[in-house]
Amino acid sequence: MQFLNPGSENLSNLAQRKKALLKQITSIQNPFIKSLVQLQEKAKARKQSGTFLIEGQREIMLALKGGYELETVLFYPELISESQISKLTNNRIQLIEINKEVFEKLAYRDTTEGVIAVAKSKNLKLSNLKLSEKPLLLIAEAPEKPGNIGAMLRTADAAKLDAVIIANPKGDLYNPNIVRSSVGCLFTNNIATGTTAEIIAFLQQNKINFYCATLQNSTSYHTQDYTKPTALVVGTEATGLTQEWRDAATQNIIIPMQGEIDSMNVSVAAAILIFEAKRQRGFGI
């Protein structure tokens, strides 16, 4: 009588499932690869498909930790091992092995570590935010530079803010420049978008004080109490915050400066305000 080893059978089934999920693409003319190039280059393609690309092992792992769903993982075996790939995937994710030409066509940055994932976008509505009893939020109105957005997301992650809200966004947050500059913090933060009017109404409904960084009718930022439910609001370096924010603010605030200019990089200003609020809340003491 012949007995089957249950462990061997399970391993065999697992190998068969992985084999079924594994495909190979070696041409940049492949229609699927062309569609991924569109995801890298065009916000319209990302919006229509509801997907975007993530490059790099750390970024993919942070996206998974942040609750993002992966549809496909493409990998270049010369740069990443099968064991490394197995840490990023499960039995439901399509695996595609690609060659150097396809990888270089898709890779947006130089150090991508040989792996690119297709992920589903999240719904970034204000109503989806879950806040603590005394939340601390960062709000940025119409930020234009992906590098600044990425830097603010990194600071928000470091300070473990309740959420980052983008008012009147100029583009979609799944722009590869933002994904790259945030070094994965796009996925570690709670993020929402909305119009200025919608966000002000949201803050008022939730009884959250909001302090607007602006030159007009302002008091020094360190004189305010940020231990209550608080939102810190920053605008663009070029034009600052709109009048709608300045008129509705709990208090307009300013970071005093001693040099010749009257403004600083928006991500730096946001960091100063955030960590003053964290200091008042006992962080680092």
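Presented here is a report on the structure given in the accompanying data block. (Residues numbered from 1 in each chain as written. Predicted model: local features only at pLDDT ≥ 70, side-chain atom pairs only at ≥ 80, totals over all residues. Heavy atoms only, no water.)

### Observations regarding the overall build of the protein
What the protein contains, in helices and strands, is 12 helices and 12 strands. If one aligns the C-alpha atoms of the protein with their principal axes, the spans along those axes are about 85 × 45 × 30 Å. Classification of the 285 residues of the protein by burial places 44% in the buried group. Summing over all exposed atoms, the protein offers an accessible surface of approximately 15,300 Å²; the carbon and sulfur share of this is 49%. (Helix = DSSP H or I, 4+ residues; strand = E, 2+ residues; numbered from the N terminus. Buried < 20%, exposed > 50% of the residue type's maximum accessible area, 1.4 Å probe, protein only. Areas by Shrake-Rupley, 256 points an atom, 1.4 Å probe, with all protein chains shown as cover.)

### Description of helix H4 (residues 57–65)
Residues of H4 that are buried: Gln57, Glu59, Ile60 and Ala63. For H4, the buried positions fall inside an angular range of 165 degrees around the axis, keeping them on one side. Contact partners of the buried residues in H4: strand E2 (51–55), strand E3 (70–75), helix H5 (82–88), strand E5 (115–120) and helix H9 (185–188). Where H4 ends, the next residue or the one after it, Gly67, has phi of about 90 degrees, a positive value. (Arc of directions from axis to C-beta. Contact = heavy atoms within 4.5 Å.)

### Some points on the packing of aromatic side chains
This structure, assessed with the given rule, holds nine aromatic pairs. A ring pair is formed by Phe52 and Tyr174, whose centres lie 4.2 Å apart and whose planes are at 25 degrees; its orientation type is stacked. Here Phe52, found in strand E2, pairs with Tyr174, found in the loop between strand E7 (163–167) and helix H8 (176–181); they are 122 residues apart in sequence, far enough to count as distant. With respect to burial, Phe52 and Tyr174 carry one shared label: buried. Judged by centre distance (5.7 Å) and plane angle (85 degrees), the ring pair of Phe210 and Trp245 falls under edge-to-face. Of this pair, Phe210 sits in strand E9 (residues 209–213) while Trp245 sits in helix H11 (residues 243–248), placing them 35 residues apart in sequence. By relative accessible area, which is 2% here, Phe210 ends up buried. (Phe/Tyr/Trp six-rings, centres within 6.5 Å; stacked < 30°, edge-to-face > 60°.)

### Let's talk about the pairing of E5
In terms of burial, E5 is a largely internal element, five of the six residues being buried. When E2 meets E5, the two strands line up antiparallel, connected through five bridges. Paired with Leu53 across the strands is Val118, a residue of E5. (Pairing = 2+ DSSP bridges.)

### Topic: the environment of Glu69
Here Glu69 shows up in the loop between H4 and E3. A relative accessible area of 45% means that Glu69 is categorised as partly exposed. Here the alpha-carbon distance between Glu69 and Ala117, two residues 48 residues apart in the chain, equals 9.9 Å. Excluding its chain neighbours within four sequence positions, the residues that come into contact with Glu69 are Val118, Ala119 and Lys120.

### With respect to the sheet that holds strand E6 (residues 136–141)
With parallel pairing, the seven strands of this open sheet are ordered in space as E8-E7-E6-E11-E9-E12-E10. Because the sheet does not close on itself, it has two edges, and the strands there are strand E8 (191–194) and strand E10 (219–220). Its contacts with the sheet put helix H10 (residues 196–205) on E6, E7, E8, E9 and strand E11 (230–234), and the angle it makes with E7 is roughly 145 degrees. (Axes fitted to C-alpha atoms, helices over the stretch in contact; angles between N-to-C directions.)

### Brief notes about helix H2 (residues 31–41)
Side chains of residues three or four places apart in an α-helix project in the same direction, reflecting 3.6 residues per turn. Burial in H2 covers these residues: Ile33, Leu36, Val37, Leu39 and Gln40. Here the buried residues of H2 occupy an arc of 155 degrees about the axis, which is enough to place them on one side. Away from its buried face, by an angle of more than 90 degrees, H2 presents the exposed residues Pro31 and Glu41.

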